[in-house]
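Descriptive analysis of the structure
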Amino acid sequence: METLDGVVVIGGGPVGLLTALKLGKAGVRVIVLEAEAGVSPSPRAVAYMPPTAAALDRFGLLDDIRKRAVWCPDFAYRHGDGSLIATMDWSVLAHDTDYPYMLLLGQNHVSNVIVQHLRTLPNVDIRWNHRVESIDQDASWVTLQTSGPGGTTRLRTRWVAATDGARSTVREKVGLTFDGITWSERLVATNVFYDFSLHGYSRANFVHDPVDWAVVVQLDQSGLWRVCYGEDPSISEAEVRRRMPERFKRLLPGAPTPDQYRVDHLNPYRVHQRCAPEFRRGRVILAGDAAHATNPMGGLGLSGGVLDAEHLAEALISVINEGASVRLLDEYAVDRRKVFLEFTSPTATANFTWMKESDPAQRARDTAMLEHAGTDRTVMRQILLDFEKLNGSRSTLSPTTSNRLSGAPKRIVREVVRTATRSALASLRSAKAAQKRLFHA
Ligand SMILES: Cc1cc2nc3c(=O)[nH]c(=O)nc-3n(C[C@H](O)[C@H](O)[C@H](O)COP(=O)(O)OP(=O)(O)OC[C@H]3O[C@@H](n4cnc5c(N)ncnc54)[C@H](O)[C@@H]3O)c2cc1C
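Residues numbered from 1 in each chain as written. Predicted model: local features only at pLDDT ≥ 70, side-chain atom pairs only at ≥ 80, totals over all residues.

The three strands lie next to each other as β3-β7-β4, forming an open sheet whose pairing is antiparallel. Every interior strand has two partners, whereas the edge strands, β3 (47–48) and β4 (70–72), have only one. Direction of pairing for β4 relative to strand β7 (residues 102–104): antiparallel, over a ladder of three bridges. What sits directly across from C72, in β7, is M102. (Pairing = 2+ DSSP bridges. Helix = DSSP H or I, 4+ residues; strand = E, 2+ residues; numbered from the N terminus.)

Structure below.
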């Protein structure tokens, strides 16, 4: 049996690759085991928030990612007919962060950049086509069994970073549940060549409508855009495809016919709000979608996963290279779970709820709140600063800004109450409370 005095990363998605990169740069010996033959070509995540751009910079990746990414200075809320509700302008954070923008790029391209960087590290070995089938641990070692084209192999290691995605085998094998809900809606992610900017669209747009809700985001610099919308969960994938031209006529500005756009990719899928009860079981530590899964409204899944990878790798480096206490791993586990339960999941839930709200009175209140946020730059700044909570206890903001941020919710409440949008905030609060009850936080 092969022995590694280092870390095995299970799952070569973006979170696993980033964890391997940070560990590898610190001289830790790493093996990445990935079930597939290479980086998944599916461009799932697209949008990365300012704290994530900052983290990608600390990983040493931002310059290479920016060569291909779309720089996104603002995002828009729209009605179903495409008309503008509000634009949120990241430049309001110009004095708070060096990264006052979103980055837009398919996660497959992000992963390819990480793999290029990993290739320069002789102490990191990426093994494609290696699926982990079983996992066992005692006080000193974790033993893994993998299957692949060469047959079955056994490997033992000191530590495991479990980054094998939402359907994590590792999470199941170490006996952790994945508590939460699956949304009743079915989402359809399409990648389509259609120039939304000709119709005045921002590079990222949330379309609010009880039926024709959608997220419209520019995917890269080649003219490809992501349109993600909702479909009846009871119909077949063939029916989803058949109905697409009719849906696009309503969803796309200019009501185009199929000869006016080109669909590059279509992927119907279900979404969840789920979280493991613990992110550490002995020598196995969970990160990314293996630890938590969210609906994609607001681009928070991988945005948070990148910060998981950074925190986990730094904790492991301290334990392995400096003999620090394993309490650092528990701190990682508690901190990142808290970020998911208290920020990521309730924020994504509120975004999704607002987008598809069907009660006209509630929609009117939500619209008023968004219009207010779009015109008052103080409120806008407070709302956009909230994304810094992705950093958890490791906030990178200046102390002055952090102090202001910790007072932000009260000030936002006062602002919003003044403009009579009390119930919109109440719905956000109740979404947060429901999430807390759901995950027994
Ligand atoms: C349509 C869509 C849009 C999204 N948009 C956004 C967005 O805009 N912004 C954002 O931040 N997030 C977004 N997300 C979420 C984002 O895609 C995920 O958060 C991200 O993929 C998580 O990365 P990961 O590395 O944790 O897991 P994954 O990307 O799922 O990678 C897990 C890897 O583990 C491998 N694996 C699984 N089992 C095993 C095994 N037993 N042995 C070895 N390998 C294994 C898999 O093959 C896979 O490569 C979106 C998701 C979807 C579906």
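A word on the site of the ligand. Near the ligand, the surroundings consist of 34 residues, among which G11, G13, G165, G288 and G301 are the closest. Every element with two or more residues in the shell around the ligand is listed here: α1 (14–25), β9 (131–137) and α7 (301–322). No other element matches the four residues that α7 contributes to the shell around the ligand. Counted by class, the shell around the ligand contains 14 nonpolar, 14 polar and six charged residues. (Near = placed C-beta within 6 Å. Nonpolar A, V, L, I, M, F, W, Y, C, P; charged D, E, K, R; others polar.)

This brings us to the environment of L286. Among the structural elements, L286 can be located in strand β18 (residues 284–286). Residues L286 and V160 lie 126 residues apart in sequence; the distance between their C-alpha atoms is 8.5 Å. The contact partners of L286, leaving out residues within four places of it in the chain, are A162, R171, A276, F279 and A291. (Contact = placed C-beta atoms within 7 Å.)

Turning our eyes to something else, we now look at helix α9 (residues 360–375). In a regular helix each residue adds 1.5 Å, so 16 residues correspond to 22 Å; α9 covers 22 Å between its end C-alpha atoms and thus fits that length. Of all the positions in α9, only R365, D366, M369, L370, A373 and G374 are classed as buried. (Expected span 1.5 Å × (residues − 1). Buried ≥ 20, exposed ≤ 12 C-beta atoms within 10 Å, placed from the backbone.)

Contact geometry of α9 with helix α10 (residues 377–385) gives a least axis separation of 5 Å together with a crossing angle of 105°. Taken together, the axes of α9 and α10 lie roughly perpendicular to each other. On the side of α9, the interface is formed by H372, A373 and G374, while α10 contributes V379, M380 and I383. Across the contact of α9 with α10, the residue classes tally to four nonpolar, two polar and no charged. (Axes fitted to C-alpha atoms, helices over the stretch in contact; angles between N-to-C directions. Parallel < 35°, antiparallel > 145°, perpendicular 65-115°, else oblique.)

Spatial ordering of the open sheet is given by β6-β5-β13-β14-β15-β12-β16-β19, a layout of eight strands whose pairing is mixed. Because the sheet does not close on itself, it has two edges, and the strands there are β6 (84–89) and β19 (292–293). Pairing geometry for strand β14 (residues 214–218) and strand β15 (residues 224–231), over five bridges, is antiparallel. When the sheet's bridge partners are listed, V217 is paired in β15 with R226. Most of the contacts of helix α6 (residues 237–251) go to β15, to which it runs at about 110°, and overall it touches β12 (179–193), β14, β15 and β16 (262–275).

Looking now at the nonpolar core. Counting 119 residues, the largest nonpolar core has M102, L104 and I285 as its most contacted members. Tallying contributions element by element places helix α8 (residues 327–356) first for this core, with twelve residues. Each of domain 1 (2–43 + 53–69 + 107–179 + 273–340) and domain 2 (344–438) contributes no fewer than three residues to this core. In this structure L104 touches V46, A47, A69, V70, C72, R203, A204, V217, Q218 and L219, once residues within four positions along its chain are discounted. (Core = buried A, V, L, I, M, F, W, Y, C linked by C-beta atoms within 7 Å. Domains from an automatic or database assignment.)

Right, let's talk about the pairing of strand β10 (residues 142–148) for a bit. For β9 and β10, the ladder comprises six bridges, and the chain directions are antiparallel. Bridge pairing in β10 places I135 opposite L144. When β10 meets strand β11 (residues 151–162), the two strands line up antiparallel, connected through seven bridges. Following the sheet pairing, S147 is matched in β11 by T152. Hairpin remark: β10 followed by β11, antiparallel, with two residues in the connecting loop.

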